[in-house]
Amino acid sequence: MIKVIKILAIVILFSSCNHAEEQKLMNENKRLAYKVDSLKFKLDSMTNLSSSLFQKAFEKEDNEQGAIEIYKTLITSDSNSFWANQAKKQLTFLIAKENNENFLNEISGTWIWKETYTNWGEIDSPFKCECKRKLKIIKGAIAEFYQNESLQRRTEIDISTQPDWLGGHLIKLIKFKDKNEIRQILISDNGKEITFTEPNCVCGCETDNYKKRK
């Protein structure tokens, strides 16, 4: 009888332990499931936020600076997401577009001719020709050449950017469409002087130098 009671006690104790362990596992599973659901919710929230930010920036691209700031915020807050990668592409495009527009604004205006020269020295100047020349660039799209206030030439122009493989940087080119003439554009740091020279030229490069009219 005593043996039977002991066996029953052991069975009950074992069952209790199993039940306690089972309950513990169930509680742990519930905790893990709650944590997974919470992470999913956060991930969904982040995804929705990222897509919303991208959409907002995309709709604001007419206001380039506003769109740029939103794209930067998205990239900073969620750098590895699909939407952040899309934002990086759009940001690169907008910054390039903004830089190009700034450049067109910078070269537009009236430029007074100073001299024409090569590596070997001066070819022509207002003193030599006893004349005055100027160049008007209108909205980065039209070039007008004047001599003594008389219009000599008017042409459409095209501004482009290309790599300088020797120098390892980007250069600006201007194409005067009437003569299919291409020149590299160089602007001084203060934006007050501009030169047009032959691209990819090493020696004897014909260069026109202008200063901006005040």
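Predicted model, so just to flag it, every value in this text is computed and none were measured.

Q: Report on the overall build of the chain, specifying residues and quantitative values.
A: The helix and strand inventory of the chain stands at four helices and nine strands. Secondary structure elements in the chain, listed N-terminal to C-terminal, are α-α-α-β-β-α-β-β-β-β-β-β-β. Taken over 214 residues, the chain has a buried fraction of 29%. Across the chain, the fraction of contacts at a sequence separation of at least 24, relative to all contacts at a separation of at least 6, is 37%.

Q: Which residues make up the pattern of salt bridges, and what values go with them?
A: As enumerated under the stated definition, the model contains nine salt bridges in all. Between arginine 153 and aspartate 178 there is a salt bridge, with the nearest N and O atoms lying 2.9 Å from each other. Here the residue arginine 153 occupies a position in strand β5 (residues 150-164), and aspartate 178 occupies one in the loop between β6 (169-176) and β7 (181-187), the gap between them amounting to 25 residues. By relative accessible area, aspartate 178 is classed as partly exposed at 40%. Across the pair lysine 177 and glutamate 156 runs a salt bridge, and its minimum N-O distance is 4.0 Å. Note that lysine 177 is positioned in the loop between β6 and β7 and glutamate 156 in strand β5, a separation of 21 residues in sequence. In this structure, a network of salt bridges that share partners links the residues Arg153, Asp178, Glu181 and Arg183.

Q: So what about helix α3 (residues 82-107)? Which residues, and what values?
A: Given a rise of 1.5 Å per residue, 26 residues ought to cover 38 Å, and the 38 Å separating the end C-alpha atoms of α3 matches this to within 8%. For α3, the complete set of buried residues consists of Ala84, Ala87, Leu91, Leu94, Phe103, Leu104 and Ile107.

Q: Requested: an account of the state of the cysteines, with residues and values cited.
A: One covalent bond between the sulfur atoms of two cysteine residues makes up a disulfide. With the rule as written, the count across this model stands at two disulfides. Between the sulfur of cysteine 129 and that of cysteine 131 lies a disulfide, 1.9 Å long from S to S. On the S-S bond that ties cysteine 129 to cysteine 131, the torsion sits near -90°, and the link is left-handed. A residue is classified by how much of its surface remains accessible, and cysteine 131, at 6% relative accessible area, is buried.

Q: Tell me about the packing of helix α2 (residues 64-77) against α3, and name the residues and values.
A: The contact between α2 and α3 brings their axes to 9 Å, and the two run at 150°. The crossing of α2 and α3 is left-handed. In this structure, α2 uses Glu64, Gln65, Ala67, Ile68, Tyr71, Lys72, Leu74 and Ile75 to contact α3, whose residues at the interface are Trp83, Ala84, Ala87, Lys88, Gln90, Leu91, Leu94, Ile95, Lys97, Glu98 and Glu101. Per-class residue counts for the contact of α2 with α3 are 11 nonpolar, two polar and six charged.

Q: Describe the side chain of threonine 116, with residues and values.
A: Residue position: threonine 116 is located in strand β1 (residues 109-118). Take threonine 116: its relative accessible area is 7%, and that puts it in the buried class. Apart from the residues lying within four places of it in its own chain, the contact partners of threonine 116 are Glu122, Ile123, Asp124, Glu206, Thr207 and Asp208.

Calculation criteria
Residues numbered from 1 in each chain as written. Predicted model: local features only at pLDDT ≥ 70, side-chain atom pairs only at ≥ 80, totals over all residues. Heavy atoms only, no water. Helix = DSSP H or I, 4+ residues; strand = E, 2+ residues; numbered from the N terminus. Buried < 20%, exposed > 50% of the residue type's maximum accessible area, 1.4 Å probe, protein only. Contact = heavy atoms within 4.5 Å. Salt bridge = Lys/Arg side-chain N within 4 Å of Asp/Glu carboxyl O. Expected span 1.5 Å × (residues − 1). Disulfide = S-S within 2.5 Å. Axes fitted to C-alpha atoms, helices over the stretch in contact; angles between N-to-C directions. Left-handed = near helix turned anticlockwise from the far one by under 90°. Nonpolar A, V, L, I, M, F, W, Y, C, P; charged D, E, K, R; others polar.

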